[in-house]
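Architecture at a glance
The residues making up each chain are set out below.
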Protein chains: 2
Amino acid sequence: MNGNPHVSEETRRRVLAVARRLNYQPHTYAQRLAKQKAYAISAVIPFFTNYFFIEVLRGVQSKISEFGFDLVLYGVNDPATQVEYYIQKSTHRGKVDGVLFFSMKFPESYTRYFIQREIPIVLVDTFHPKFDSITVDNFKGAYIAVKHLIELGHEKIGMIVARLESVPARQRFEGFKQALIDHGKKFYEEFFIETKDTRLDGFNREAGYYACKELLSRSRKLPTAIFVSSDIQAIGVIEALNENGIKVPGDVSIIGFDDIELAKDFGLTTVRQPMYEMGVIAVEKLFERINNKKTKPEHIKFTPELVIRNSCP
Amino acid sequence: MNGNPHVSEETRRRVLAVARRLNYQPHTYAQRLAKQKAYAISAVIPFFTNYFFIEVLRGVQSKISEFGFDLVLYGVNDPATQVEYYIQKSTHRGKVDGVLFFSMKFPESYTRYFIQREIPIVLVDTFHPKFDSITVDNFKGAYIAVKHLIELGHEKIGMIVARLESVPARQRFEGFKQALIDHGKKFYEEFFIETKDTRLDGFNREAGYYACKELLSRSRKLPTAIFVSSDIQAIGVIEALNENGIKVPGDVSIIGFDDIELAKDFGLTTVRQPMYEMGVIAVEKLFERINNKKTKPEHIKFTPELVIRNSCP
DNA sequence: TTGAAAGCGCTAACAC
DNA sequence: GTGTTAGCGCTTTCAA
């Protein structure tokens with residue numbers, strides 16, 4: 001039944017026929033046990049965040065099913081208590097051939113564990129020097145966004161950013177500054193706001209809304225463009241602006257980051273993270289790693305691309 | 001190691017100690033094979049839709065891990081080709097103890113298959129008489145929403161609805177009409193719009209936006225309140241209104257359906273589907289079914305509850 | 001080519 | 001209580 005070549009056509013035909021008649025299916029776990037292979041990979045993925053990961057998951061699913069593998073999902077609702085627990089489950093002997101770990105900080109206490117046991121793992125949207133990773137170049141993405149603004153002729157460019165202690169927020173901020181410097185533009189302290197909201201590190205709509213309110217309260221002067229560290233915040237910013245009778249893009253241009261579903265709806269110019277593709281690549285990398293455990297970790301960085309819509313004319 | 005009571009404390013202690021020292025873990029599939037139990041359930045779930053299901057999935061995950069089971073996920077990107085394929089995979093002999101099937105139309109060609117093999121299954125957000133199901137009462141939800149509007153004193157109530165061939169849209173529409181009838185209010189044909197957009201059956205922001213544009217183009221008269229068949233459409237409606245200088249809730253009140261994340265952000269009054277809870281209940285039901293295959297299918301209908309925010313003062 | 005048997009790693013039944 | 005053995009259902013090896 002498994003296509004063994006040392007078997008006559010005649011016999012194969014007969015066996016297959018009987019199998020079909022009896023509605024035979026090999027038992028999943030008997031097979032996996034005998035083969036010493038799981039034909040499955042797991043994904044440890046945050047459920048508490050911005051549904052960023054769904055898109056990635058779509059990519060993962062589509063690639064994984066090409067291989068006929070199963071995906072066992074561990075959705076983390078509470079990172080403090082569940083990350084290590086699910087890593088444990090993922091790595092329970094024999095269960096999976098490899099694991100995908102998403103967005104969260106990989107617990108240092110597990111690096112040795114994975115390396116010693118040679119458990120294939122790839123990190124997605126998070127980084128660790130010892131393991132393969134797929135990330136997005138936040139610095140470059142921000143740089144591209146701001147450069148776009150500059151090329152559009154903007155001089156006074158503001159930024160509304162999520163909490164700087166979050167890695168992506170920090171990197172996007174650095175990209176913003178660098179673009180300004182490289183093009184000889186001034187950094188206006190008064191047009192720069194770091195979110196106070198801590199929920200999701202400030203990557204949420206309300207954080208954008210209130211940060212913008214604060215910007216407005218500071219002075220009657222406005223930048224001509226604002227780079228916002230994520231689309232969801234940008235939507236909050238636009239609303240705060242609208243409430244104050246300030247038109248986007250008429251009075252101020254807005255550029256976001258991520259290219260979430262809503263960005264299209266709002267006509268928001270932004271910088272796109274290729275999430276679906278990241279999922280696909282992650283699975284590909286993981287399979288490579290499964291088939292060849294010994295090579296050095298590889299770090300793939302995607303460069304976001306500009307998506308021009310109408311919030312920056 | 002498995003807590004057999006016919007074993008002395010002393011021995012157990014010793015065995016456990018050695019096991020720990022050797023870093024012993026039982027092999028997942030050897031256990032499952034010997035026990036003739038999968039300790040896993042699968043979920044066949046649409047990936048192409050409104051990320052409605054994520055919230056449900058959170059509930060599923062949290063309940064499932066209480067039982068220590070694994071979740072094997074089959075995300076459907078293309079329903080036409082993948083639904084049956086994943087049902088097959090789900091039911092591969094021995095693989096899972098039960099399956100959760102979400103939102104999509106359950107293929108009639110598989111009802112016999114499940115019944116004969118006695119494969120435990122529960123449907124979530126979709127219905128079939130032969131299987132357990134967890135759904136939301138769209139009719140009642142709509143009724144509650146409209147009743148709320150009426151109690152607020154509205155007389156001219158409009159509705160913007162997704163495509164009526166979609167079951168939930170139809171049910172919400174029926175609830176709307178019934179509420180009007182029961183309270184002796186007139187149904188204004190001119191304030192009723194069915195979306196033309198077919199994407200996601202019209203359950204998307206743009207559909208709401210354009211439907212509202214059409215409403216506005218019909219006449220200069222406006223209803224004092226509009227019931228929109230989903231929050232995401234309602235957000236499109238609000239925007240179309242705002243663009244035309246019509247204030248929400250100043251000029252017209254809006255009520256939605258679903259209570260998605262953004263509804264809170266927009267201060268949208270709506271009717272909440274308890275998605276997380278539905279996930280939890282679905283898993284509980286599935287386990288009941290796993291332990292007791294012979295009882296009649298049970299159909300649980302959740303009644304949505306009103307969430308009052310400020311789009312309907 | 002085909003058939004028989006050993007082994008994958010565990011659980012459960014049954015003597016001891 | 002404890003040790004032994006026969007499955008669980010498949011794959012793989014090795015004679016025949």
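Residues numbered from 1 in each chain as written. Chains lettered and ligands numbered in written order. Predicted model: local features only at pLDDT ≥ 70, side-chain atom pairs only at ≥ 80, totals over all residues. Heavy atoms only, no water.

Per an unreviewed UniProt entry, chain A goes by Transcriptional regulator, LacI family and derives from Candidatus Kryptonium thompsonii.

Some thoughts on the sheet that holds strand β6 (residues 157-161) of chain A
All names here are of chain A. The sheet built from four strands is open, its strands ordered β7-β6-β8-β9 with parallel pairing. Of all strands in the sheet, those with a lone pairing partner are β7 (192-194) and β9 (253-255), marking the two edges. Between one strand axis and the next, the sheet turns through 15 degrees on average, direction left out of account. Pairing of β6 with β7, which is carried by three bridges, proceeds in the parallel orientation. From the neighbouring strand, Met159 faces β7, where its bridge partner is Phe192. (Pairing = 2+ DSSP bridges. Helix = DSSP H or I, 4+ residues; strand = E, 2+ residues; numbered from the N terminus. Axes fitted to C-alpha atoms, helices over the stretch in contact; angles between N-to-C directions.)

So, the interface of chain A and chain B
Residue-level contacts link 52 residues of chain A with 52 residues of chain B. Summing both sides of the interface, chain A and chain B together bury roughly 4,800 Å²; the carbon and sulfur share of this comes to 48%. Summed over the shared surface of chain A and chain B, the result is six salt bridges. Here Arg205 of chain A and Asp265 of chain B are joined by a salt bridge, their closest N and O atoms 3.5 Å apart. Seen at the junction of chain A and chain B, the total is 31 residue pairs in polar contact (both at pLDDT 80 or more). Among the elements of the structure, α2 (28-35), α3 (52-66), β2 (70-76), α4 (79-90), α8 (205-218), α9 (231-243) and α10 (261-266) of chain A are those that each provide at least two residues to the side of chain A that touches chain B. (Contact = heavy atoms within 4.5 Å. Buried area = accessible area lost by both parts, 1.4 Å probe. Salt bridge = Lys/Arg side-chain N within 4 Å of Asp/Glu carboxyl O. Polar contact = N/O pair within 3.5 Å; in protein donor to acceptor, adjacent residues only side chain to side chain.)

Topic: unusual backbone geometry
With the exception of glycine, most residues fall at negative phi, and the peptide bonds are largely trans. In this structure, the amide linkage connecting Val248 of chain A to the following residue, Pro249 of chain A, adopts the cis form with an omega of 5 degrees. Within the element layout of this structure, Pro249 of chain A appears in the loop between α9 and β9. A positive phi angle, near 60 degrees, is found at Asp201 of chain B, a position not held by glycine. Residue class for Asp201 of chain B comes out partly exposed when judged on its relative accessible area of 33%. (Buried < 20%, exposed > 50% of the residue type's maximum accessible area, 1.4 Å probe, protein only.)

Regarding the relation of the copies chain A and chain B
For the pair chain A and chain B, the relating rotation is 180 degrees, the translation along its axis is 0.1 Å, and the fit reaches an RMSD of 0.2 Å. What the rotation and shift describe, once combined, is the action of a two-fold rotation axis. Using C-alpha coordinates, one finds that chain A approaches the rotation axis most closely at Val72 of chain A, a distance of 2.1 Å. The overlap is high: 100% of the interface residues of chain A also sit at the interface in chain B, so the same surface is used on both sides. (Least-squares fit on C-alpha atoms with pLDDT ≥ 70 in both.)

Details of the protein's contact with DNA strand C
By nearness alone, 17 residues border DNA strand C, and Thr11 and Arg93 of chain A together with Tyr24, Pro26 and His27 of chain B come closest of all. Backbone atoms, meaning sugar plus phosphate, form 79% of the atoms of DNA strand C positioned within 4 Å of the protein. Interatomic distance of 3.2 Å between a side-chain N/O atom of Gln36 of chain A and a phosphate oxygen of DNA strand C. Element by element, the count of residues in the surface near DNA strand C is highest for helix α2 (residues 28-35) of chain B, at four residues. The residue makeup of the surface near DNA strand C, split by class, is seven nonpolar, eight polar and two charged. (Near = heavy atom within 4 Å. Nonpolar A, V, L, I, M, F, W, Y, C, P; charged D, E, K, R; others polar.)

A few points about the sheet that holds strand β9 (residues 253-255) of chain B
Residues and elements named next belong to chain B. Overall, parallel pairing links the four strands, which are arranged β7-β6-β8-β9 in an open sheet. Each having just a single partner strand, β7 (192-194) and β9 make up the two edges of the open sheet. Along the sheet, successive strands turn relative to each other by an average axial angle of 15 degrees, direction set aside. Alignment of strand β8 (residues 225-228) against β9, held across three bridges, turns out to be parallel. Following the sheet pairing, Ile226 is matched in β9 by Ile254. Taken strand by strand, helix α9 (residues 231-243) contacts β6 (157-161), β8 and β9, and its axis lies near 165 degrees from that of β9.

Considerations on the protein's contact with DNA strand D
Within the structure, DNA strand D sits among 17 residues, and Tyr24, Pro26 and His27 of chain A together with Thr11 and Arg93 of chain B are positioned closest to it. The sugar-phosphate backbone supplies 84% of the atoms of DNA strand D found within 4 Å of the protein. A distance of 2.8 Å is found between a phosphate oxygen of DNA strand D and a backbone nitrogen or oxygen belonging to His27 of chain A. Within the side chain of Gln31 of chain A, a nitrogen or oxygen atom sits 3.2 Å from a phosphate oxygen of DNA strand D.

Here's the deal with the packing of α3 of chain A against helix α11 (residues 275-291) of chain A
Residue and element names in this part refer to chain A. As a packed pair, α3 and α11 sit with axes 7 Å apart at the nearest point and diverge in direction by 45 degrees. Here α3 is positioned oblique relative to α11, judged by the angle of their axes. Of the two elements, α3 crosses α11, and the hand of that crossing is right-handed. Contacts between α3 and α11 involve Phe52, Glu55, Val56, Arg58, Gly59, Val60, Ser62, Lys63 and Ile64 from the first element and Met275, Tyr276, Gly279, Val280, Val283 and Glu284 from the second. Classifying every residue of the contact of α3 with α11 by side-chain character gives eight nonpolar, three polar and four charged. (Parallel < 35°, antiparallel > 145°, perpendicular 65-115°, else oblique. Left-handed = near helix turned anticlockwise from the far one by under 90°.)

Considerations on the domain arrangement of chain A
Residue and element names in this part refer to chain A. In terms of domain boundaries, chain A breaks down into domain 1 (9-136 + 276-301) and domain 2 (138-273). Computed over C-alpha atoms, the centres of domain 1 and domain 2 are 36 Å apart. The partner domain 2 presents six residues to the six residues of domain 1 that form the contact. The closest approach of N and O atoms between Arg272 and Glu277, which form a salt bridge, is 3.2 Å. (Domains from an automatic or database assignment.)

Here's the deal with the pattern of salt bridges
In this structure the tally under the stated criterion is 52 salt bridges over all chains. Between Asp70 of chain B and Lys95 of chain A there is a salt bridge, with the nearest N and O atoms lying 2.9 Å from each other. Remark: Lys95 of chain A occurs in the loop between α4 and β3 (98-102) and Asp70 of chain B occurs in strand β2 (residues 70-76); the pair is interchain, linking two chains. A residue is classified by how much of its surface remains accessible, and Asp70 of chain B, at 3% relative accessible area, is buried. Each member of the salt-bridge network shares a partner with another, and the members are Arg32 and Asp70 of chain A together with Lys95 of chain B.

Re the nonpolar core
Grouped together as the largest cluster of nonpolar side chains are 56 residues, with contacts concentrated most on Leu73 and Leu100 of chain A together with Leu73 and Leu100 of chain B. Sequence-distant contacts of Leu73 of chain B, that is, excluding residues within four places in its chain, are made with Leu57, Gln61, Leu71 and Leu73 of chain A together with Ala43, Ile45, Phe47 and Leu57 of chain B. Grouped together as the second largest cluster of nonpolar side chains are 44 residues, Tyr29, Phe101 and Leu123 of chain A together with Ala40 of chain B included. (Core = buried A, V, L, I, M, F, W, Y, C linked by side-chain atoms within 4.5 Å.)

Some thoughts on the environment of Asn310 of chain B
Residue and element names in this part refer to chain B. With respect to the helices, strands and loops of the structure, Asn310 is situated in the segment after β12 (305-307). Judged by relative accessible area, which is 52%, Asn310 ranks as exposed. Every residue in contact with Asn310, bar those within four places of it in the chain, is listed here: Pro249, Gly267 and Thr269.

Observations concerning the state of the cysteines
Within this structure, the stated rule accounts for zero disulfides over all chains. The cysteine Cys312 of chain B is free of any disulfide, with Cys212 of chain B supplying the nearest cysteine sulfur at 14 Å. (Disulfide = S-S within 2.5 Å.)

Overview of the packing of aromatic side chains
Overall, the coordinates contain 43 aromatic pairs over all chains when judged by the stated rule. Each ring, one from Tyr74 of chain A and one from Tyr86 of chain A, has its centre 5.2 Å from the other, and the planes form 25 degrees; the classification is stacked. Residue Tyr74 of chain A is found in strand β2, and its partner Tyr86 of chain A is found in helix α4; the two are separated by 12 residues along the sequence. Under the relative-accessibility criterion, Tyr86 of chain A is labelled buried at 1%. Summarising the aromatic geometry, the rings of Phe173 of chain A and Phe176 of chain A are spaced 6.4 Å apart at their centres and angled 25 degrees between planes, so their arrangement reads as stacked. Taken together, the positions of Phe173 of chain A and Phe176 of chain A, both in helix α7 (residues 167-182) and three residues apart, correspond to about one turn of that helix. Residue Phe173 of chain A is classed as buried on the basis of its relative accessible area of 6%. Through a chain of ring-to-ring contacts, the aromatic side chains of Phe101, Phe106, Tyr110, Tyr113, Phe114 and Phe131 of chain A assemble into a single cluster. Geometry around Phe257 of chain A places Arg172 of chain A over its ring, the cationic atom sitting 3.8 Å from the centre. Sitting over the ring of Tyr39 of chain B, Lys37 of chain B keeps its end group 5.1 Å from the ring centre. (Phe/Tyr/Trp six-rings, centres within 6.5 Å; stacked < 30°, edge-to-face > 60°. Lys NZ or Arg CZ within 6 Å of the ring centre and 35° of its normal.)

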